[in-house]
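Descriptive analysis of the structure
Letter by letter, the chains look like this.
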Amino acid sequence: QVQLVESGGGLVRPGGSLRLSCAASGFTFSSYRMNWYRQAPRKERELVAQITGASTSTNYADSAKGRFTISRDNAKNTVYLQMNSLKPEDTAIYYCCADRVVTEYWGQGTQVTVSS
């Protein structure tokens, strides 16, 4: 069955870094665009970054540009989100999502808390 399992979240001080990972299984990973979303308390879920199947194109939310980097390793069926210069407003549950045409798969999320 399809699984997306996020890891790497945690508590970090402002200005710190975290690297999120999302391990995928049960579908043809390289055929899917991969996305990182986040949802902060009392806010709507928002797209943070996305990457095409062959890593030919990436897209970032304005809030993530210059600080976050999305990458993927199709040999390992894993997508990453390197987050630098973290701010308290980056606190949220981060979800990975695989999408292709009308199909979407979601992980269960990993909590990121940025606080001093």
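Below: a short report on this structure. (Residues numbered from 1 in each chain as written. Predicted model: local features only at pLDDT ≥ 70, side-chain atom pairs only at ≥ 80, totals over all residues. Heavy atoms only, no water.)

The next thing to look at is unusual backbone geometry. For Arg42, which is not a glycine, the phi torsion comes out positive at approximately 65°. Among the secondary structure elements, Arg42 is positioned in the loop between β4 (33–39) and β5 (46–51). In this structure, Val101 is a non-glycine residue whose phi angle is positive, near 60°. Using a relative accessible area of 77% as the deciding quantity, one classes Val101 as exposed. (Helix = DSSP H or I, 4+ residues; strand = E, 2+ residues; numbered from the N terminus. Buried < 20%, exposed > 50% of the residue type's maximum accessible area, 1.4 Å probe, protein only.)

Turning our eyes to something else, we now look at the nonpolar core. One finds Trp36, Leu81, Met83 and Tyr94 to be the most contacted residues of the largest nonpolar core, which totals 29 residues. At the level of elements, β3 (18–25), β4, β5, β7 (68–73), β8 (78–83), β9 (92–100) and β11 (110–114) are the ones that each hand at least two residues to this core. (Core = buried A, V, L, I, M, F, W, Y, C linked by side-chain atoms within 4.5 Å.)

It is worth spelling out the side chain of Arg38 at this point. Within the secondary structure layout, Arg38 lies in strand β4. For Arg38, a relative accessible area of 7% gives the class buried. One polar contact links Arg38 to Glu46, side chain to side chain, over a distance of 2.6 Å. At 2.9 Å, the side chain of Arg38 and the side chain of Tyr94 are in polar contact. For Arg38, the contacting residues outside a window of four places in its chain are Glu44, Arg45, Glu46, Val48, Ser63, Phe68, Glu89, Asp90, Ala92, Ile93 and Tyr94. (Polar contact = N/O pair within 3.5 Å; in protein donor to acceptor, adjacent residues only side chain to side chain. Contact = heavy atoms within 4.5 Å.)

With that out of the way, let us pick up the pattern of salt bridges. Counting across every chain of the model gives 5 salt bridges. Close ionic contact of Arg33 with Asp99 constitutes a salt bridge, the shortest N to O distance being 3.0 Å. Of this pair, Arg33 sits in strand β4 while Asp99 sits in strand β9, and the two are 66 residues apart along the sequence. In this structure Arg33 comes out as partly exposed when scored by relative accessible area, which is 35%. The class of Asp99 is buried, set by a relative accessible area of 12%. Measuring nitrogen to oxygen at the nearest pair gives 2.9 Å for the salt bridge that ties Asp90 to Arg38. Linking Asp90 in the loop between β8 and β9 with Arg38 in strand β4, this pair joins segments that are 52 residues apart in sequence. Owing to a relative accessible area of 1%, Asp90 belongs among the buried residues under this scheme. Bridged by salt links that share partners, the residues Arg38, Glu46, Arg67 and Asp90 form one connected network. (Salt bridge = Lys/Arg side-chain N within 4 Å of Asp/Glu carboxyl O.)

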